[in-house]
Protein chains: 2
Amino acid sequence: MSPKITVELLRQLRHAMRNGKCIAEPIQAYIVPSGDAHQSEYIAPCDCRREFICGFNGSAGTAIVTEQHAALWTDGRYFLQASQQMDNNWTLMKMGLKETLSQEDWLISVLPENSRVGVDPWIIAADQWKNMSKALSGAGHSLVAVQDNLIDAVWEDRPARPSTKLIALGLKYTGLTWQDKITALRGKMAERKISWFVVTALDEIAWLFNLRGSDIEYNPVFFAYAIIGISSIKLFVDSKRLLDTAVRQHLELDSPSKPDLTVQCFPYESVFTELRAVCAALAPKDKMWICDKASCALTEVIPKAHRAAIPYTPLCLAKAVKNPTEIQGMKMAHIKDAVALCELFAWLEKEIPKGTVTEISAADRAEELRSQQKDFVGLSFPTISSVGPNGAIIHYRPLPETNRTLSINEVYLIDSGAQYRDGTTDVTRTVHFGTPSDYEKECFTYVLKGHIAVSAAVFPNGTKGHLLDSFARAALWDSGLDYLHGTGHGVGCFLNVHEGPCGISYKTFADEPLEAGMIVSDEPGYYEDGSFGIRLENVVLVVPAKTKYNYRNRGSLTFEPLTLVPIQLKMINTDLLTQKERDWVNDYHRKCLETIGAEMERQGRKEALDWLIRETQPIV
Amino acid sequence: MSPKITVELLRQLRHAMRNGKCIAEPIQAYIVPSGDAHQSEYIAPCDCRREFICGFNGSAGTAIVTEQHAALWTDGRYFLQASQQMDNNWTLMKMGLKETLSQEDWLISVLPENSRVGVDPWIIAADQWKNMSKALSGAGHSLVAVQDNLIDAVWEDRPARPSTKLIALGLKYTGLTWQDKITALRGKMAERKISWFVVTALDEIAWLFNLRGSDIEYNPVFFAYAIIGISSIKLFVDSKRLLDTAVRQHLELDSPSKPDLTVQCFPYESVFTELRAVCAALAPKDKMWICDKASCALTEVIPKAHRAAIPYTPLCLAKAVKNPTEIQGMKMAHIKDAVALCELFAWLEKEIPKGTVTEISAADRAEELRSQQKDFVGLSFPTISSVGPNGAIIHYRPLPETNRTLSINEVYLIDSGAQYRDGTTDVTRTVHFGTPSDYEKECFTYVLKGHIAVSAAVFPNGTKGHLLDSFARAALWDSGLDYLHGTGHGVGCFLNVHEGPCGISYKTFADEPLEAGMIVSDEPGYYEDGSFGIRLENVVLVVPAKTKYNYRNRGSLTFEPLTLVPIQLKMINTDLLTQKERDWVNDYHRKCLETIGAEMERQGRKEALDWLIRETQPIV
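The name an unreviewed UniProt entry gives chain A is Xaa-Pro aminopeptidase 1, with Phoxinus phoxinus as the organism. Database annotation for chain A, UniProt heading Cofactor (unreviewed entry): "Mn(2+)". Check the Subunit (unreviewed entry) section of the UniProt entry for chain A; it says "Homodimer."

Next up, the structure:
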């Protein structure tokens, strides 16, 4: 991987920062956040401004350019990757390390007095704006909104915003009509005396309307905004998309069944002016919900007296708790996904000794096998297919220049998943096709112990996921090891593979309590820079737990694995497992064999079934 | 325990809330926080305003009185106690339960429009003021500073502020002179370009000047403020206290060795005017540190442009990491304390069958035995001596009307500690003098497993204590049990038994990382309302841990118990322990026997030694 050469780009950007044509008054620093106007994690090519300016293409990171400096902040998953993708005009700021300055502190340390720091108000969240602005003004600087994006000004050939075909999902997949969802949402609005709700997150809009698109690779969403009133529904999308008959029927555009369930459609770009019009007509007591992660630009349209900023929207919460149809769909998706992944491993076992399988061809083969499964739509994120030292790059994606050949001498880590119409998958397995070293097995076993500790944890209703994070680390910590990422994230149902408001991470305190029906990942790891990476990830469903007692009638929860792919036994040092842990592994493998085996038989995939039977033998 | 009758008091307070003599413009609600002007947890009788108005005398709680309502917020430790001490004019607001409104939300739900909510700015912390004020103004109300305290206005016979004798601690106890501490503090100020630091926490002032007092029961502190400049030291205390020759010599008041180490003394009350004078003379770039937990009144004196509010002061951090002399002192204090407590248990064993020992007489006996130890100063908090159902009242304190007789039929919980000149102790043991039930043993064993999980935890340098909290709960959670308090708190060295900035609690995210030399408690519990209470508390020292590997050279930490009092074996169901846990118990008891046994021999306390030998037999 060779770094992007940015000398000329930075010269142009700095010129734009001073240039009267681009900006009324010069700015001394320009912040380039990672997201789009919807604060999406994965973004469309037209929104990859941070990657364009610095070369680093990971899913999280913020670039800041001053007259003298250029710096990029990213987290532990990306330290190695960012350092490889950026040239030496850029300083890598490693978030999470004690010595790393925050963006604010860094700006304060490098800026001349009374500096103006610019940012595009459409791609910075309102809460981030607020914090940044406060910190800067405390030090005598100011944060200013630069309406015309300065990256776009220097970006020739910037791609157009996508406008892909929309697909409407029926009750069979969603369990609830969009009309039901709107009605439930309005109930929550009425409870809190809220008259309007501005929906800005793409997955919330897709979920609410039971529509999917493919504007952003891996995420079945489409560019849109929505403004939901107590008796009106305003949807902002590219109008071309509404020519499709199925979509028109789905939204009842031509024959609405009820006046208050009539969808008014507006062009995507008109959200600003339309929101301004709605705000102008507000009664004195009217309150409007908007997520505090919505763009600063849109948030500022709502007068403060009417604005009710919330950390998580009611849609985010409703979407997180899957209904029975969604749970059933997620289970089916994981069964199909497991069939494909088991087939991949059976195939790899045969092919690797020939020396012809690479990280890329293995990833391609995985995609091909998944695509044979029913209702397959696409991948849910770029496959991380990594051998040996590449495995230590936490969010590695194989490229021709980094592509390694799989062999019987190195650990292979594959983190992959797919979108099916009935659900979204995300699974990581770490395997060895020869004989793993004692040290590799030892590390793998600690990771497995952590995985089991979370998966088998029993905890009271109302517990936030972050309180479980240390369970995943205890075995590693005991030996002086650790990993620099969270343990789990929420997973959407045929939606984004990462979603809020719950997860399992030491980094947050603001996650919402876990509830039965929520779905998260459980993915501890261990990474030895330059040698190997280990991660073991299942998607798990939060379910009620039966306990011997029931303190204060709170009830208890635990997890049920949805991912049913064997954990490679030869990577386990069984001496390091307790009897309870051995039982967990055996129970898990029994369930894999029963459920996935039955599906393999149904699909007539004999070779994979043989492999599955071999890989699910009980350990003692 | 009969509740305090508050009808007449509330009538008077409500009168004062409307009365032009007390307040310029009527207020619709009055907030009575728990603390004093220094945000102390334990307070002097003259500052017990919340207790005076509602009757509840626990260490944490806030009362709010409106025209129609009176409500008290407190946490799980005090639900039972508060409900017993308050009459039915008061509503108990149980903090930490999902359905309980916050103070802000409650006020908003009960107040008429545009209400004025009053509070004494001296006894509300600046950060609390800010949050409360913001929430109220968001709902159209306002928070107003009421200069003359309205409780004082209705409190006849309010006690005077204490001014006890000060004692100066030599190097033998402190390890560092106050001059060294001032110099180190100034180094930190210079690093951050801070020219002044306003010290408001009583334990920080006591620690900084190596002085102790007894103004507040159980906490060896004295009422004072300090303002530390780069070349000046202003100390605000009752001037009578400075007539003492030892104190004058200690502070070098009559012959300062260096100009910048000259202590200027001012009357306690003049801090406001003196701080105003310092602020008036500030250079434009001067910055002044003040803790954001300092009083709103004092914080507001500092112009915003000069104010650098910090969540924890450098003194709080320096004080938390004990130096070798302090560690040695804490170890000695815990050895002496263990001798006394073992003697108590040996005595109880003999006396209880006679039926003459009560909660109060047991607590008195414990105090008497402690007072025989060298350098004993007093208790570090009111002894919790509780039998059977009283044990479920988490911060119970026996009173004549609740006093139960110890018997061989009920569980006995004693949580007690002392101040010695060389250190502060805090220990809880739960014991049975007859035959505990299987259920009592089961619950005790889960609590023990939690205690061990924390005590034996190994974790990376830089880990915050809150990440360890779930370790203490896992065994309880597995069976559907839990406890509604944090797992541990910082412990001072001959200072407050509760101190920041570190601890082990799911409730906080803002604790500072644990460091070698810090001292915290490890005290999981289980409480069955109406039946029994179990808690198992050791004070533990953070020490470096030797691990097999050392990921990224971060180093690891673990805990070393300072408390060395046997854990009653008959309360343990050893079948529920793992081999590792059994080994921990045996190692711990071996250390108790060696260390405390040697001290008992030295002190010639044979009976206690016999008991200790019996109680530290290995389990299998």
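Next, the rest of the story.
Asker: Got a minute to help me understand the overall build of chain A in this structure?
Answerer: Broken down by element type, chain A carries 19 helices and 28 strands. Relative to its length of 620 residues, chain A is compact, with a C-alpha radius of gyration of 25 Å against a globular reference of 25 Å. Reported as C-alpha extents along the three principal axes, the dimensions of chain A are approximately 70 × 60 × 50 Å. By sequence separation, contacts in chain A at least 24 residues apart represent 71% of the contacts at least 6 residues apart. Within the structure as shown, chain A displays about 23600 Å² of accessible surface, and the carbon and sulfur contribution to it stands at 52%. For chain A, the separation between the mean place of its 66 positive charges and that of its 76 negative charges on side chains is 5 Å.

Asker: Where do I start with the relation of the copies chain A and chain B in this structure?
Answerer: With an RMSD of 0.0 Å, the operation that places chain A on chain B is a rotation of 180 degrees combined with a shift of 0.0 Å along the axis. Here the two chains are linked by the operation of a two-fold rotation axis. Most of the interface of chain A is mirrored in chain B: 100% of its interface residues are interface residues there too.

Asker: Would you mind going over the sheet that holds strand β12 (residues 263-266) of chain A with me for this structure?
Answerer: Backbone hydrogen bonds hold the strands of a sheet together, and the pairing may be parallel or antiparallel. Residues and elements named next belong to chain A. One open sheet holds the 6 strands; their spatial order is β12-β11-β10-β8-β13-β14, and the pairing between them is mixed. Strand pairing shows two members of the sheet lacking a second neighbour, β12 and β14 (307-310), which therefore form its edges. Across the sheet, the mean angle separating the axes of adjacent strands is 20 degrees when strand polarity is ignored. The sheet contact formed by strand β8 (residues 196-199) and strand β10 (residues 225-229) spans 4 bridges and is antiparallel. Within β10, the position partnered with Val199 by the bridge is Ala226. Each of β8, β10, β11 (233-236), β12 and β13 (288-291) touches helix α11 (residues 271-280); the most contacted strand, β11, lies at about 160 degrees to it.

Asker: For this particular structure, what's the right way to read the packing of aromatic side chains?
Answerer: For any pair of aromatic rings, geometry is given as the distance between the ring centres together with the angle between the planes. Applying the stated criterion across every chain yields a total of 42 aromatic pairs over all chains. Through successive ring pairs, a cluster of aromatic residues spans Tyr439(A), Tyr526(A), Phe532(A), Tyr549(B) and Tyr551(B). The side chain of Lys293(A) reaches across the aromatic face of Tyr312(A), ending 5.1 Å from its centre. Over the face of the ring belonging to Tyr483(B) we find Arg473(B), whose NZ or CZ atom lies 3.9 Å from the ring centre.

Asker: Got a minute to help me understand helix α14 (residues 324-351) of chain A in this structure?
Answerer: One full turn of an α-helix is made of 3.6 residues, so residues set three or four places apart face in the same direction. Residue and element names in this part refer to chain A. Its 28 residues place the ends of α14 40 Å apart at the C-alpha level, agreeing with the 40 Å of an ideal helix rising 1.5 Å per residue. Within α14, 21 of the 28 residues are buried, leaving the element largely enclosed by the surrounding structure. Where α14 begins, the side chain of Asn323 points an oxygen toward the backbone nitrogen of Thr325, at a separation of 3.0 Å.

Asker: Would you take a moment to explain helix α5 (residues 126-138) of chain B for this structure?
Answerer: Residues and elements named next belong to chain B. Its 13 residues give α5 an end-to-end C-alpha distance of 18 Å, which sits within 8% of 18 Å, the value for a rise of 1.5 Å per residue. What α5 keeps buried is the set Ala126, Trp129, Met132, Ser133 and Leu136. One side of α5 carries all its buried residues, which in axial view fall inside an arc of 130 degrees. Away from its buried face, by an angle of more than 90 degrees, α5 presents the exposed residues Lys130, Lys134 and Gly138. Buried residues in α5 make contact with β1 (29-32), α4 (103-110), β5 (116-119), β6 (142-145) and α12 (296-301). Gly140, located one to two residues past α5, shows a positive phi value of around 90 degrees.

Asker: How should the UniProt feature "domain: Peptidase M24 C-terminal" (unreviewed entry) in chain A be read in this particular structure?
Answerer: Mapped onto this structure's residue numbering, the UniProt feature "domain: Peptidase M24 C-terminal" (unreviewed entry) falls at residues 557-619 of chain A. Along residues 557-619 of chain A one finds 56% helix and 8% strand; the C-alpha atoms at either end are 28 Å apart.

Asker: I would appreciate a short explanation of the pairing of β12(A) in the present structure.
Answerer: A regular strand carries its side chains on alternate faces of the sheet. Residues and elements named next belong to chain A. One ladder, built from 4 bridges, connects β11 with β12; its direction is parallel. Bridged to Leu235 within β12 is Cys265. One crossover worth recording links β11 to the parallel β12 by way of helix α10 (residues 245-250), and it is right-handed.

Asker: Hey, could you run me through the interface of chain A and chain B in this one?
Answerer: It is common to give the size of an interface as the accessible area that goes away when the parts come together. On the chain B side, the residues contacting the 41 residues of chain A number 41 residues. Of the roughly 3500 Å² buried at the junction of chain A and chain B (both faces included), carbon and sulfur atoms supply 56%. On the chain A side of the contact with chain B, Trp477(A), Tyr549(A) and Tyr551(A) bury the most area, a combined 21% of that side's loss. The interface formed by chain A and chain B includes 8 salt bridges. Its salt-bridge partner being Asp482(A), residue Arg554(B) comes within 2.5 Å of it at the nearest N-O pair. Where chain A packs against chain B, one counts 14 residue pairs in polar contact (both at pLDDT 80 or more). The set of elements that each furnish at least two residues to the side of chain A that touches chain B consists of α5 (126-138), α16 (438-455), β21 (459-460), α17 (469-478) and β25 (525-528) of chain A. Counting residues per element, the side of chain A that touches chain B draws most heavily on α17(A), which supplies 5 residues. Partitioned by chemical class, the residues of the side of chain A that touches chain B number 18 nonpolar, 9 polar and 14 charged.

Asker: Sorry if this is basic, but what is going on with the UniProt feature "domain: Peptidase M24" (unreviewed entry) in chain A here?
Answerer: In the numbering used here, UniProt assigns the "domain: Peptidase M24" (unreviewed entry) feature to residues 329-542 of chain A. Annotation note: span residues 329-542 of chain A, helix share 30%, strand share 25%, distance between end C-alpha atoms 15 Å.

Asker: Teacher, can you tell me more about the pattern of salt bridges here?
Answerer: A pair can form between side chains of opposite charge whenever their charged atoms are brought close. Residues and elements named next belong to chain A. Inspection of every chain in the model, using the stated rule, returns 78 salt bridges over all chains. Residues Lys319 and Asp203 are paired through a salt bridge, measuring 3.1 Å at the closest nitrogen-oxygen approach. One end of the pair, Lys319, is in helix α13 (residues 314-320); the other, Asp203, is in helix α9 (residues 202-209), with 116 residues separating them in the sequence. By the burial criterion, Lys319 is buried, and Asp203 matches it. Residue Arg370 pairs with Asp337 through a salt bridge whose shortest N-O separation is 2.6 Å. Placement of Arg370 in helix α15 (residues 359-371) and of Asp337 in helix α14 is noted, with a sequence separation of 33 residues between them. As far as burial versus exposure is concerned, Arg370 and Asp337 are alike and both buried. Look at the salt bridges and you will find they share partners, linking Asp47, Arg49, Asp152, Arg158 and Arg161 into a network.

Asker: How should I be thinking about the packing of α14(A) against helix α19 (residues 606-615) of chain A in this particular structure?
Answerer: Angle between the axes and distance between the axes are the two parameters that describe a pair of packed helices. Residue and element names in this part refer to chain A. One can describe the packing of α14 onto α19 by two numbers: an axis separation of 9 Å at closest approach and a directional angle of 90 degrees. With respect to each other, α14 and α19 are oriented roughly perpendicular. Of α19, the residues touching α14 (which contributes Cys342, Glu343, Phe345, Ala346, Glu349 and Lys350) are Glu607, Ala608, Trp611, Leu612, Arg614 and Glu615. Across the contact of α14 with α19, the residue classes break down as 6 nonpolar, no polar and 6 charged.

Asker: Looking at this structure, how should I read the sheet that holds strand β6 (residues 142-145) of chain A?
Answerer: Residues and elements named next belong to chain A. Reading across from one edge, β4-β3-β2-β1-β5-β6 is the order of the 6 strands in this open sheet, with mixed pairing throughout. Both outer strands of the open sheet, β4 (91-94) and β6, are each paired with one neighbouring strand and no more. Strand-to-strand twist of the sheet, defined as the mean angle between neighbouring strand axes without regard to direction, takes the value 25 degrees. Packed on one face of the sheet, helix α4 (residues 103-110) meets β1 (29-32), β2 (62-66), β3 (70-74), β4 and β5 (116-119) and runs near 10 degrees to β2. Packed on one face of the sheet, α5 meets β1, β5 and β6 and runs near 140 degrees to β6.

Asker: Even after reading the chapter, I still don't get the nonpolar core, so can you show me in this structure?
Answerer: Generally speaking, nonpolar side chains in soluble globular proteins are found buried as a group. In this structure, Leu348(A), Phe559(A), Leu348(B) and Phe559(B) are the most contacted members of the largest nonpolar core, which totals 158 residues. Apart from residues lying up to four places away in sequence, Phe559(A) is in contact with Val454(A), Ser455(A), Ala457(A), Phe459(A), Leu468(A), Ile504(A), Leu514(A), Val520(A), Val540(A), Leu541(A), Val542(A) and Val543(A).

Asker: Looking at this model, I keep getting lost on the packing of α14(A) against helix α18 (residues 579-603) of chain A. Mind explaining?
Answerer: Residues and elements named next belong to chain A. Packing of α14 against α18 brings their axes to within 9 Å, and their N-to-C directions diverge by 75 degrees. In terms of orientation, α14 and α18 fall into the roughly perpendicular class. Of the residues in α18, those in contact with Ile335, Ala338, Val339 and Cys342 of α14 are Thr595, Ile596, Glu599, Met600 and Gln603. Across the contact of α14 with α18, the residue classes tally to 6 nonpolar, 2 polar and 1 charged.

The rules behind each value
- Residues numbered from 1 in each chain as written.
- Chains lettered and ligands numbered in written order.
- Predicted model: local features only at pLDDT ≥ 70, side-chain atom pairs only at ≥ 80, totals over all residues.
- Heavy atoms only, no water.
- UniProt positions renumbered as here; feature names shortened; annotations may be inferred.
- Helix = DSSP H or I, 4+ residues; strand = E, 2+ residues; numbered from the N terminus.
- Rg over C-alpha atoms; globule rule 2.2 N^0.38 Å.
- Contact = heavy atoms within 4.5 Å.
- Areas by Shrake-Rupley, 256 points an atom, 1.4 Å probe, with all protein chains shown as cover.
- Lys, Arg positive; Asp, Glu negative; His and termini not counted.
- Charge placed at Lys NZ, Arg CZ, Asp CG, Glu CD.
- Least-squares fit on C-alpha atoms with pLDDT ≥ 70 in both.
- Pairing = 2+ DSSP bridges.
- Axes fitted to C-alpha atoms, helices over the stretch in contact; angles between N-to-C directions.
- Phe/Tyr/Trp six-rings, centres within 6.5 Å; stacked < 30°, edge-to-face > 60°.
- Lys NZ or Arg CZ within 6 Å of the ring centre and 35° of its normal.
- Expected span 1.5 Å × (residues − 1).
- Buried < 20%, exposed > 50% of the residue type's maximum accessible area, 1.4 Å probe, protein only.
- Polar contact = N/O pair within 3.5 Å; in protein donor to acceptor, adjacent residues only side chain to side chain.
- Arc of directions from axis to C-beta.
- Right-handed = clockwise from strand over helix to strand, strands pointing away.
- Buried area = accessible area lost by both parts, 1.4 Å probe.
- Salt bridge = Lys/Arg side-chain N within 4 Å of Asp/Glu carboxyl O.
- Nonpolar A, V, L, I, M, F, W, Y, C, P; charged D, E, K, R; others polar.
- Parallel < 35°, antiparallel > 145°, perpendicular 65-115°, else oblique.
- Core = buried A, V, L, I, M, F, W, Y, C linked by side-chain atoms within 4.5 Å.

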